[in-house]
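Summary of the model geometry
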Amino acid sequence: MSSLSEVNLKQQEAIRAVQGPVMVIAGPGSGKTRVLTFRIAHLVTIGVPAYQILALTFTNKAANEMKERITHLVGDKSRHLWMGTFHSLFARLLRTECEKLGFQKNFSIYDSQDSLGLIKTVMSDLSIPSQQFNPQAIRSRISGAKNQLITPEDYLKSVIDLFEEKTAKVYIEYQKRLKQNNAMDFDDLLLRPIELFTHHNKILLKYQDRFRFILIDEYQDTNRAQYVLIKLLADQYRNICVVGDDAQSIYAFRGADIRNILDFERDYPNAVIVRLEQNYRSTRTILSAADQVIKKNIDQITKDLWTENQEGDKITILACEDDQDEGATIVSRIYEESNKLKLQFKDIAIMYRTNAQSRSLEDALRKNSIPYMIIGGVEFYQRKEVKDVLAYLRLLVNPRDDESFMRIVNVPARGLGDVAVGRLRDFAATKSLTLFEATDHASEVSGLTSKARTSVEALSVMFKKYLRLTSEMSMSELSRALVDEIGILPLLKEEGTVEAMSRWENIQELLSAITEFSELRADATLENFLQEVSLVSDIDTWEETANAVTLLTLHSAKGLEFPIVFIAGLEEGLLPLYSTVVERKELEEERRLYYVGMTRAMKKLYLSYAKVRFRFGEMSYQSPSRFLDEMEGDLVETVVSSRRHVSRDMRSFSLGDRNRDRKDRKKTDAESHYFSDTMPDYENASDVSNQVRAGNIVEHEVFGRGKVLHVSGSGEFLKAVVDFPAAGKKNLMLKYARLKVL
DNA sequence: ATTAGGCGATTTTTT
DNA sequence: ATCGCCTAAT
């Protein structure tokens, strides 16, 4: 492997302490990823077979990047390394072992939305009114209980009020239904392995023996279930290396338990503790400011962060009038910085506490033709039409999945409303059949109209046909055939609106993703595709290569770094966010979140706030965040907005009407091309918006020639759907698209 | 009985 | 943007 001279002494210590428990307390920018990759490379180099190494990361993206670097260091020897998120690796393990728990290998994975759907179903079956008891709240209670390994029975025993009593009832039934549906939610992906290991000692021994070296990244954000799971697995060899920073623990709301890191020494008494305190990322100014802020927290392991980096620029506080002004101010700074430092757009990130804040920022960026990408928000795989098609595929893979059945039974509309479906469900329940099985007995279901019966029968025939075809067709052929048969695409085409076209595109995109998966992956099965899709996070698909400003929440910023960082919305109530802050503990988590944001910045940090902000549909007067007062004055300068932002550059151009569907779509080649480098100058293009009609052949500067399929909207909101042979179908806002009619 | 369409409310963070 | 809820149309 490449020499250890690339790492400092502390890092070397963490890399070389191979046997026994190790905890690395790694300050921001201290080379934590480097330690993990070198440590794994080191293990492999000294002869540890890669399959004996289990490395758990927080995101798939982090895992993939590290895997790549390790391969670079040691080559093919690292091929059988198990590296990934807790959820994806234990899902994989469960695929082979779940039969011992009464599940089938093809189990479905429910995301939060699916899980909420099931909870609503359960509530309605138990006659618990969702008006009175918020299903979302019940779901989060149940998830919380599961993260702390509280069984439904235990939960029931400890109820203290009516709400918890109802929650207990739902919890019991919910778990039962999941099993009936041969499905697991996110929490089960951790709980079921624990169940497996505690009930089947032989299996536990097998995995203990297999995973002799365990590494965990972002240990401060593991929850009770993850802690127990790892404790079980590491119990025999005790070669466990955890890396984390208590100051960056920001997932308590999801059950992350900071005690895991604080109590590590107690759990593993002879642990080697290494502190990485030298920061290689940020200027001295940024590091000092962040340090001053985090020192206000009482709960923490004190650290002595230092850096050899330059002092750098002061931190700039941008005092703005309102949220629009904030966007405009940030944009003008982006221009300034990118000219001054010769930086590219991709070197810049704008962070905020809540996704809702992205809107005004996006508007400002779009107005000024600055390319941007959003991480988070409504993800591609969460879109209704995409979830619908996925539900069909899920049902094919796992016909017991009643939740998916319910999702698609009347999509597209086939005359099966609440009443008909209710009858079918009653029938299935009394006969102990799955809904899919029940469709085979449509004539026995009492109370179905003849129309409904015909529909149910057709559904049954269709499903049986595709079930048969699963063994005959490739996964991509099968998906395409199924999508064709359900006829959803022509329906969307008929609808003709820009929204429908965007749905149409999304479904095409999904089909391409399936094809791509089947061509690129050795383990290409529909099961694996569905599993991967339900476990990808938005950050995983982030493309750093595109030259665009990145917009993201402070939570998604963890583990990333950018030369220039803007943190927007530093206002009391927003950061810290009041709806979360009840007492000191919550305030300290908000402060850690802010700290995570600050420490992402390498060269320059901007903090902005607005005096007035449009929130919850009304103007609200904001005061600057207390966090701004927690840095010493000599590190910061404040600039008060003059509220006159002449957009420096009137080149008007757009990616087509992205209309908040932003990066939900993977980018096409044409768009990537657009993002790269310079933007063409359209200063003098004449306005031809009014001449564009359906059927016209038009020319676009980037996408080339295309045919107009549909025009909608009016005035400045005039939009067109154009089919470009070179780039596919695009929704364009005519105001910006500068089409030439040919 | 079913569907379409309109209306209003909703936005904390996410594997 | 999406969901739940309502009403009118079929």
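Notes on the structure follow.

Calculation notes
Residues numbered from 1 in each chain as written. Chains lettered and ligands numbered in written order. Predicted model: local features only at pLDDT ≥ 70, side-chain atom pairs only at ≥ 80, totals over all residues. Heavy atoms only, no water. Core = buried A, V, L, I, M, F, W, Y, C linked by side-chain atoms within 4.5 Å. Buried < 20%, exposed > 50% of the residue type's maximum accessible area, 1.4 Å probe, protein only. Near = heavy atom within 4 Å. Polar contact = N/O pair within 3.5 Å; in protein donor to acceptor, adjacent residues only side chain to side chain. Helix = DSSP H or I, 4+ residues; strand = E, 2+ residues; numbered from the N terminus. Pairing = 2+ DSSP bridges. Contact = heavy atoms within 4.5 Å. Axes fitted to C-alpha atoms, helices over the stretch in contact; angles between N-to-C directions. Parallel < 35°, antiparallel > 145°, perpendicular 65-115°, else oblique. Left-handed = near helix turned anticlockwise from the far one by under 90°. Nonpolar A, V, L, I, M, F, W, Y, C, P; charged D, E, K, R; others polar. Expected span 1.5 Å × (residues − 1). Phe/Tyr/Trp six-rings, centres within 6.5 Å; stacked < 30°, edge-to-face > 60°. Lys NZ or Arg CZ within 6 Å of the ring centre and 35° of its normal.

Topic: the nonpolar core
Counting 55 residues, the largest nonpolar core has Tyr-381, Leu-390, Phe-463, Tyr-466, Leu-510 and Phe-529 as its most contacted members. By size, the runner-up hydrophobic cluster in this structure holds 46 residues, among which are Leu-287, Ala-601, Met-631 and Leu-635.

Thoughts on the protein's contact with DNA strand B
Around DNA strand B, the structure places 25 residues, and the nearest of them are Arg-353, Gly-415, Val-419, Ser-537 and Thr-580. Taken together, the sugar and phosphate atoms account for 57% of what DNA strand B places within 4 Å of the protein. Between DNA strand B and the protein, one listed contact pairs a phosphate oxygen with a backbone N or O atom of Gly-415 at 2.7 Å. At a separation of 3.3 Å, a phosphate oxygen of DNA strand B approaches a polar backbone atom of Leu-416.

A closer look at the pairing of strand E16 (residues 601-615)
Counting buried positions along E16 gives 11 out of 15 residues, so the element sits mostly inside the fold. Where strand E11 (residues 315-322) meets E16, 6 bridges bridge the pair, whose relative direction is parallel. Bridge pairing in E16 links Cys-320 to Ala-610. Pairing geometry for strand E15 (residues 562-567) and E16, over 5 bridges, is parallel. Paired with Ile-567 across the strands is Leu-607, a residue of E16. As paired strands, E16 and strand E17 (residues 618-621) are joined by 4 bridges and run antiparallel to one another.

Regarding the pairing of strand E12 (residues 348-352)
In terms of residue burial, E12 counts as a mostly covered element, since 5 of its 5 residues are buried. Residues of E12 alternate between two faces, with Ile-348, Ile-350 and Tyr-352 on one and Ala-349 and Met-351 on the opposite face, all of them buried. Here E12 pairs with E15 via 4 bridges, running parallel. The partner of Ile-348 across the bridge, within E15, is Ile-564.

Topic: the environment of Ser-455
Here Ser-455 shows up in helix H21 (residues 450-469). For the pair Ser-455 and Ala-442, spaced 13 residues apart in sequence, the C-alpha separation works out to 9.1 Å. Dropping the residues within four chain positions of it, Ser-455 is found in contact with Arg-414 and Leu-416.

Topic: the packing of helix H17 (residues 384-397) against helix H24 (residues 498-520)
The contact between H17 and H24 brings their axes to 8 Å, and the two run at 45°. Accordingly, the angle class assigned to the pair H17 and H24 is oblique. The two elements H17 and H24 meet at a crossing, and its hand is right-handed. On H24, the residues that touch Lys-384, Glu-385, Val-386, Val-389, Leu-390 and Leu-393 of H17 are Arg-503, Asn-506, Ile-507, Leu-510 and Ile-514. Broken down by class, the residue content of the contact of H17 with H24 amounts to 7 nonpolar, 1 polar and 3 charged.

Considerations on unusual backbone geometry
Residue Val-411 is joined to Pro-412 through a cis peptide bond whose omega torsion reads -5°. In this fold, Pro-412 is placed in the loop between helix H18 (402-408) and helix H19 (418-431). Of note, the bond from Leu-575 into Pro-576 is cis; its omega dihedral lies within 30 degrees of zero at 5°. Its location among the elements puts Pro-576 in the loop between E15 and helix H26 (584-598). Backbone geometry at Ser-127 places phi at a positive 55°, although glycine is not the residue there.

Quick look at the side chain of Ser-115
Inspection of the secondary structure assignment puts Ser-115 in helix H5 (residues 112-125). Those residues in contact with Ser-115 that lie beyond four places of it in its chain are Tyr-110, Arg-139, Tyr-174 and Asp-185.

Points about the sheet that holds strand E7 (residues 240-244)
Spatial ordering of the open sheet is given by E3-E2-E6-E7-E1-E8, a layout of 6 strands whose pairing is parallel. Either end of the sheet is taken by a strand with one partner, and the two such strands are strand E3 (82-85) and strand E8 (272-276). Shown here is a sheet whose adjacent strand axes are inclined to one another by a mean of 15°, direction ignored. Two elements, strand E1 (residues 22-26) and E8, share 5 bridges in a ladder whose sense is parallel. Residue pairing across strands places Ala-26 opposite Leu-276, the latter belonging to E8. Contacts from helix H1 (residues 9-16) reach E1 and E8, with the element oriented near 145° to E8. Across the sheet, helix H3 (residues 60-74) is in contact with strand E2 (53-57) and E3; its angle to E3 comes to roughly 155°.

Topic: helix H15 (residues 323-340)
With 18 residues, H15 extends 26 Å between its outermost C-alpha atoms, agreeing within 8% with the 26 Å of an ideal straight helix rising 1.5 Å per residue. Among the 18 residues that make up H15, 13 are buried, leaving the element largely enclosed by the rest of the structure. Capping the start of H15, Asp-322 holds a side-chain oxygen 3.2 Å from the backbone nitrogen of Gln-324, two or three residues further along. Phi for Lys-342, located one or two positions after H15, is positive at around 55°.

Some words on the environment of Glu-589
Mapped onto the elements, Glu-589 comes out in helix H26. Not counting the four nearest positions on each side in its chain, Glu-589 is found in contact with Ser-249, Ile-250, Tyr-251, Ala-252 and Phe-253.

Structural notes on the environment of Ile-172
Of note, Ile-172 is situated in helix H8 (residues 162-180). We classify Ile-172 as partly exposed; its relative accessible area is 27%. Excluding anything up to four places from it in sequence, Ile-172 contacts Pro-152 and Leu-156.

Digging into the packing of aromatic side chains
Tallying each qualifying case throughout the model produces 16 aromatic pairs. Note on Phe-436 and Phe-463: the rings are 6.0 Å apart at their centroids and 75° apart in plane angle, and the pair reads as edge-to-face. Highlighted residues: Phe-436 in helix H20 (residues 435-438) and Phe-463 in helix H21, separated in sequence by 27 residues. Pair check on accessibility: Phe-436 and Phe-463 agree, each one buried. The structure contains a cluster of three or more aromatic residues connected by ring pairs, namely Trp-82, Phe-197, Tyr-207 and Phe-211. Taking NZ or CZ as reference, Lys-558 lies 3.7 Å from the ring centre of Phe-58, over its face. Positioned above the aromatic ring of Tyr-606 is the side chain of Lys-604, whose terminal nitrogen or guanidinium carbon lies 4.9 Å from the ring centre.

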